[in-house]
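Listed here are the chains, written in short residue letters.
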Amino acid sequence: MTDVPERMPLNRDFFARPVIEVAPELLGRTLVRHTPDGPIELRLTEVEAYDGENDPGSHAYRGRTARNATMFGPPGHAYVYFIYGMWFSLNAVCAPEGQASGVLLRAGKIIRGAELAAARRPKARSANELAKGPARLATALDIDRSLDGVDLCRGGDAPLTLLQGDPPDPALVRHGPRTGVGGDGAHHPWRYWIADDPTVSPYRRHVPRRRATSAT
DNA sequence: CTCTCGATCCTCT
DNA sequence: GAGGATCGAGAGC
């Protein structure tokens, strides 16, 4: 039977709400990735909210561009971007169409297809590190820009789907400042994670890059 | 066209 | 805890 509630995809209405409401409720959900070699599944343990054009930390802060166009589209779709010249990160688009907000899926526990994930992450020292961090998660699940815009609500054999999964006890949900976000966006406590979970990535403060001419 | 710097990871200390 | 890797988006001229 595939009608078990936890195996049902999340509805589009779930995503069509303010991102700050959606983000903590994504914890414990199951992300399913269908690769040519087989399925990989992950239980989300850490996410971050990015509140569109009002949020200095968001890619949408300076308006719509070719790169971030998916964020302005309908909710419940994947926004995948390339960063630091090496890695990809996966977001779930939220809020009604036209509002460019999203939730960065930062980390999770691989619950199926661990061999496939480990093959893609040969440098991971333990199972907990397979998807401990946004770029690690994307690497482990074979996610790249070809998946930008895919529907996360379709289910079935779709390349990427978010199922209802197994949300944690609300008392175990923690929140704090976002990782690697500086400037005016730094103080928002929009990073959410499951308390004491070994697959949650370590917090790192934003480090401004040194300027060529500044000396002290 | 040129320049800056980023929603990070890995290695070594 | 610090620094290098690596390339594309976006802004400025």
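Residues numbered from 1 in each chain as written. Chains lettered and ligands numbered in written order. Predicted model: local features only at pLDDT ≥ 70, side-chain atom pairs only at ≥ 80, totals over all residues. Heavy atoms only, no water.

Under the annotation held in an unreviewed UniProt entry, chain A carries the name Putative 3-methyladenine DNA glycosylase and is attributed to Streptomyces lydicus. According to UniProt, the comment filed for chain A under the heading Sequence similarities (unreviewed entry) is "Belongs to the DNA glycosylase MPG family." (UniProt positions renumbered as here; feature names shortened; annotations may be inferred.)

Some details on the overall build of chain A
Secondary structure summary: chain A contains four helices and eight strands in total. Helices (α) and strands (β) of chain A occur, in sequence order from the N terminus, as α-α-β-β-β-β-β-α-α-β-β-β. Here the C-alpha radius of gyration of chain A, 17 Å, is about what a compact globule of 216 residues would show, namely 17 Å. Projecting the C-alpha coordinates of chain A onto the three principal axes gives extents of approximately 65 × 40 × 35 Å. Within chain A, buried positions represent 48% of all 216 residues. Expressed as a percentage of contacts within chain A between residues at least 6 apart in sequence, the contacts between residues at least 24 apart total 62%. Surface summary for chain A: the accessible area is close to 11,300 Å², and the carbon and sulfur share equals 50%. Here chain A carries 28 positive and 25 negative side-chain charges, and the mean point of each set is 9 Å from the other. (Helix = DSSP H or I, 4+ residues; strand = E, 2+ residues; numbered from the N terminus. Rg over C-alpha atoms; globule rule 2.2 N^0.38 Å. Buried < 20%, exposed > 50% of the residue type's maximum accessible area, 1.4 Å probe, protein only. Contact = heavy atoms within 4.5 Å. Areas by Shrake-Rupley, 256 points an atom, 1.4 Å probe, with all protein chains shown as cover. Lys, Arg positive; Asp, Glu negative; His and termini not counted. Charge placed at Lys NZ, Arg CZ, Asp CG, Glu CD.)

Observations concerning a nonpolar patch on the surface
Together, Tyr84, Met86 and Trp87 line one region of the surface with nonpolar side chains, adding up to about 400 Å² of accessible area. Here Met86 lies in the loop between β3 (78-83) and β4 (87-94). With relative accessibility at 53%, the residue Met86 sits in the exposed group. (Patch = residues over 30% accessible without salt bridge, like charges linked within 9 Å, V, L, I, M, F, W, Y side chains within 5 Å. Salt bridge = Lys/Arg side-chain N within 4 Å of Asp/Glu carboxyl O.)

A look at the protein's contact with DNA strand B
In the neighbourhood of DNA strand B, 21 residues make up the surrounding shell, with Tyr81, Trp87, Asn91, Arg121 and Arg136 lying closest. Backbone sugar and phosphate groups make up 47% of those atoms of DNA strand B lying within 4 Å of the protein. Taking Tyr50, its side chain carries an N or O atom lying 3.3 Å from a sugar or linking oxygen of DNA strand B. The side chain of Tyr81 places a nitrogen or oxygen atom 2.8 Å from a base nitrogen of DNA strand B. Contributing elements (two or more residues each) for the surface near DNA strand B: β3, β4, β5 (101-112) and α4 (134-140). Element by element, the count of residues in the surface near DNA strand B is highest for α4, at three residues. When grouped by side-chain class, the residues that make up the surface near DNA strand B number 10 nonpolar, six polar and five charged. (Near = heavy atom within 4 Å. Polar contact = N/O pair within 3.5 Å; in protein donor to acceptor, adjacent residues only side chain to side chain. Nonpolar A, V, L, I, M, F, W, Y, C, P; charged D, E, K, R; others polar.)

Looking at the protein's contact with DNA strand C
In the neighbourhood of DNA strand C, the contacting residues comprise Arg62, Thr65, Arg67, Phe82, Tyr84, Gly85, Met86 and Arg145. When the atoms of DNA strand C within 4 Å of the protein are sorted by group, sugar and phosphate make up 67%. Within the contact set of DNA strand C, a phosphate oxygen lies 2.6 Å away from a side-chain nitrogen or oxygen of Thr65. Tyr84 has a polar backbone atom sitting 2.7 Å from a base oxygen of DNA strand C. Here the residues of the surface near DNA strand C sort into three nonpolar, two polar and three charged.

So, the nonpolar core
Ranked by size, the top nonpolar core spans 40 residues in total, and within it Phe15 and Leu26 carry the most contacts. Sort the elements by how many residues they give to this core and strand β2 (residues 38-50) lands first, with five residues. Contacts of Phe15, omitting those with residues within four sequence positions, involve Leu10, Val22, Leu26, Pro75, Gly76, Ala92, Val93, Cys94, Ala95, Cys153 and Leu162. Counting residues in each nonpolar core, the second largest holds 10 residues, with Tyr50, Met71, Leu104 and Val181 among its members. (Core = buried A, V, L, I, M, F, W, Y, C linked by side-chain atoms within 4.5 Å.)

Thoughts on the pairing of strand β8 (residues 191-194)
Burial along β8 is two-sided: the face carrying Arg191 and Trp193 and the face carrying Tyr192 and Ile194 are both buried. The pairing of β2 with β8 spans three bridges and is antiparallel. Residue pairing across strands places Glu48 opposite Arg191, the latter belonging to β8. Bridge count for strand β7 (residues 173-176) against β8 is four bridges, and the pairing is antiparallel. If you follow Arg174 over to β8, its bridge partner there is Trp193. (Pairing = 2+ DSSP bridges.)

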